[in-house]
Amino acid sequence: MSFGKFLSKRILQGVIVVWGVITGTFALRAASPGDPVNLIVDPAASPELRERIREELGLNEPLYVQYADYLGGILTGDFGYSYQSGQDVLPLVVQRLPATLELAVAATVVAIVIAIPLGVVSATRRNQPADYGATLFSLVGISTPNFWLGIMLILVLAVQFGIFPTGQRPVGFAEAMGTFVTTLHADELLTWVRHITLPAIALGTYFTALITRLTRSGMVDELGKPYVTATEAKGLPAVLIRYKHVLRNTMIPIITVLGLQLGTLIGGAVITETVFAWPGLGLRLINAIYTLDWPLIQGIIIVIGVGFVLINIVVDSLYAYLNPRVIDE
């Protein structure tokens with residue numbers, strides 16, 4: 001199979017998954033209790049007014065007609081409008097997307113910076129204190145719920161010692177970087193770093209522990225192979241062997257997990273954003289669920305689903321490029 005056919009197959013599978021997400025969220029909306037009209041007008045409003053609103057929303061149509069209208073609207077970029085605010089859903093979602101992406105990328109950076117060196121040290125110093133410490137860190141990181149860790153970080157580092165703020169996002173990364181580039185003043189950039197540090201640690205701890213374990217196990221497998229012994233016999237420095245040869249051969253499964261976990265981080269940021277009042281998609285989704293604002297709920301879930309699918313397609317393509325044998329498997 002050629003790379004083009006492989007990519008086309010993955011895109012088709014992604015389209016089916018997105019269609020499934022759209023259909024699933026619509027089915028949940030149809031099956032959920034409550035009358036959306038109550039979110040728009042006072043429950044004591046006249047029956048004529050309620051009926052007129054119901055007709056405008058298309059809620060008096062059969063479900064298959066509502067589904068066809070909704071599906072057609074999404075294909076043209078019309079996700080409906082929020083029952084609560086009366087605004088179009090798509091701008092409300094896009095408005096919060098940068099904050100969520102910033103948090104997911106920051107958590108990924110935290111994981112990469114800590115996990116890969118830690119995994120290398122753990123693998124090259126097996127059964128030594130450094131290995132035991134890295135293994136214990138991985139076990140604790142995987143076992144710790146991120147919402148609990150977030151609360152503990154706030155209580156200790158923000159409330160008790162005042163090192164970091166408790167939450168919020170007073171400035172975005174693009175805005176802070178733009179100010180830094182134009183004025184060479186780093187105040188806004190430092191403010192952004194101080195506010196995102198605790199949420200990124202809380203969200204990225206599980207990810208860090210997972211990558212540490214993957215790096216360690218991959219390195220241990222590679223270090224036992226004959227080519228490592230051959231390079232050692234040639235007199236190559238140990239650091240060069242570890243990072244240029246062994247780590248490079250370990251990176252393929254790690255890249256796959258990094259891509260998949262980035263999509264998971266975007267979806268999993270819901271709880272972390274709520275704990276730290278981080279104004280991203282997750283916090284908006286929670287608020288929409290509280291008010292049963294179904295068009296907004298559907299819009300956020302669909303955008304997260306599309307993002308997850310796109311990341312998976314990119315990772316699969318990268319993986320196929322690095323290891324062409326997977327195309328024929």
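Predicted model, so just to flag it, every value in this text is computed and none were measured. (Residues numbered from 1 in each chain as written. Predicted model: local features only at pLDDT ≥ 70, side-chain atom pairs only at ≥ 80, totals over all residues. Heavy atoms only, no water.)

## Quick word on the overall build of the protein
Then step 1. Within the protein, the regular secondary structure consists of 13 helices and 0 strands.
Then step 2. In the protein, the succession of α and β elements from N to C terminus is α-α-α-α-α-α-α-α-α-α-α-α-α.
Then step 3. Along the first, second and third principal axes, the C-alpha set of the protein runs to 85 × 60 × 40 Å.
Then step 4. Buried residues in the protein amount to 40% of all 329 residues.
Then step 5. Sequence separation of at least 24 residues holds for 74% of the intrachain contacts in the protein that already meet a minimum separation of 6. (Helix = DSSP H or I, 4+ residues; strand = E, 2+ residues; numbered from the N terminus. Buried < 20%, exposed > 50% of the residue type's maximum accessible area, 1.4 Å probe, protein only. Contact = heavy atoms within 4.5 Å.)

## What to know about unusual backbone geometry
Peptide bonds are, in most cases, trans, and in most cases residues other than glycine have a negative phi.
Then step 1. The phi dihedral of Q168 falls on the positive side, at around 75°, and the residue is not glycine.
Then step 2. With respect to the helices, strands and loops of the structure, Q168 is situated in the loop between helix 7 (146-160) and helix 8 (173-183).
Then step 3. Positive phi, normally seen in glycine, also occurs at L292, with a value near 55°.
Then step 4. Given a relative accessible area of 41%, L292 falls into the partly exposed group.

## Let's talk about the UniProt feature "transmembrane region" (unreviewed entry) in the protein
Then step 1. Here, UniProt's "transmembrane region" (unreviewed entry) annotation points to residues 12-31, 103-124, 136-163, 192-211, 252-276 and 296-315.
Then step 2. In the segment residues 12-31, helix accounts for 100% and strand for 0%; the C-alpha atoms at its two ends are 29 Å apart.
Then step 3. The annotated region residues 103-124 carries 100% helix and 0% strand content, and the separation between its end C-alpha atoms amounts to 32 Å. (UniProt positions renumbered as here; feature names shortened; annotations may be inferred.)

## Let's talk about the packing of aromatic side chains
Then step 1. Considering all chains together, one arrives at 3 aromatic pairs under this definition.
Then step 2. By way of ring pairs, the aromatic residues F26, Y67 and Y70 are connected into one cluster. (Phe/Tyr/Trp six-rings, centres within 6.5 Å; stacked < 30°, edge-to-face > 60°.)

## Observations regarding the pattern of salt bridges
As a working rule, side chains carrying opposite charge can pair if their charged atoms are close by.
Then step 1. As enumerated under the stated definition, the model contains 4 salt bridges in all.
Then step 2. For D316, the salt bridge is made with R10, and the minimal N-O distance between the two is 3.0 Å. With D316 in helix 13 (residues 294-322) and R10 in helix 1 (residues 3-31), this residue pair connects regions lying 306 residues apart in the sequence.
Then step 3. Of the residues examined, R10 reaches a relative accessible area of 22% and is grouped as partly exposed.
Then step 4. Here R216 ties to D131 by a salt bridge, and the two come within 2.9 Å at their closest N and O atoms. Here the residue R216 occupies a position in helix 9 (residues 187-223), and D131 occupies one in helix 6 (residues 129-143), the gap between them amounting to 85 residues.
Then step 5. Relative accessible area serves as the criterion here: at 24%, R216 is assigned to the partly exposed category.
Then step 6. On the basis of relative accessible area, D131 is assigned to the buried category, the value being 2%. (Salt bridge = Lys/Arg side-chain N within 4 Å of Asp/Glu carboxyl O.)

## Quick look at a negative patch on the surface
Then step 1. Negative charge collects at one region of the surface, where E51, E55, E56, E61 and D69 lie side by side.
Then step 2. Considering every element that reaches the negative patch, the biggest residue donor is helix 3 (residues 47-57), with 3 residues.
Then step 3. Relative to the helices and strands, D69 resides in helix 4 (residues 63-75). (Patch = residues over 30% accessible without salt bridge, like charges linked within 9 Å, V, L, I, M, F, W, Y side chains within 5 Å. Areas by Shrake-Rupley, 256 points an atom, 1.4 Å probe, with all protein chains shown as cover. Lys, Arg positive; Asp, Glu negative; His and termini not counted. Charge placed at Lys NZ, Arg CZ, Asp CG, Glu CD.)

## What about helix 12 (residues 281-290)?
In an α-helix there are 3.6 residues to a turn, and that puts residues three or four apart on one side.
Then step 1. The buried fraction of helix 12 is high, at 7 of 10 residues.
Then step 2. Among the residues of helix 12, L281, G282, L283, R284, L285, I286 and A288 are the ones counted as buried.
Then step 3. Downstream of helix 12 by one or two residues, L292 has phi in the positive range, about 55°.

## Some remarks on the side chain of T212
Then step 1. You can see T212 is positioned in helix 9.
Then step 2. Among all residues touching T212, those that are not within four sequence positions of it are A115, L118, G119, F137 and S138.

## Remarks on the packing of helix 7 against helix 9
Then step 1. The geometry of helix 7 relative to helix 9 is characterised by a closest axis approach of 9 Å and an angle of 150° between their N-to-C directions. The way helix 7 lies across helix 9 gives a crossing that is right-handed. Of the residues in helix 9, those touching helix 7 at N146, L149, G150, L153, L157 and A158 are L198, I201, A202, L203 and T205.
Then step 2. A per-class count over the contact of helix 7 with helix 9 returns 8 nonpolar, 3 polar and no charged. (Axes fitted to C-alpha atoms, helices over the stretch in contact; angles between N-to-C directions. Left-handed = near helix turned anticlockwise from the far one by under 90°. Nonpolar A, V, L, I, M, F, W, Y, C, P; charged D, E, K, R; others polar.)

## Quick look at helix 9
Then step 1. Its 37 residues give helix 9 an end-to-end C-alpha distance of only 46 Å, which falls more than 12% under 54 Å, the value for a rise of 1.5 Å per residue.
Then step 2. A maximum bend of about 45° is found in helix 9 at G204. (Expected span 1.5 Å × (residues − 1). Bend = angle between axes of the 7 residues up to and from the residue.)

## With respect to a nonpolar patch on the surface
Then step 1. Taken together, the side chains of F147, W148, I151, L155, V156, V159, F161, I163 and I271 make up a nonpolar region of the molecular surface, amounting to roughly 850 Å² of accessible area.
Then step 2. In terms of residue count, the dominant contributor to the nonpolar patch is helix 7 (6 residues).
Then step 3. Positionally, L155 belongs in helix 7.
Then step 4. Look at L155 and you get partly exposed, because its relative accessible area is 45%.

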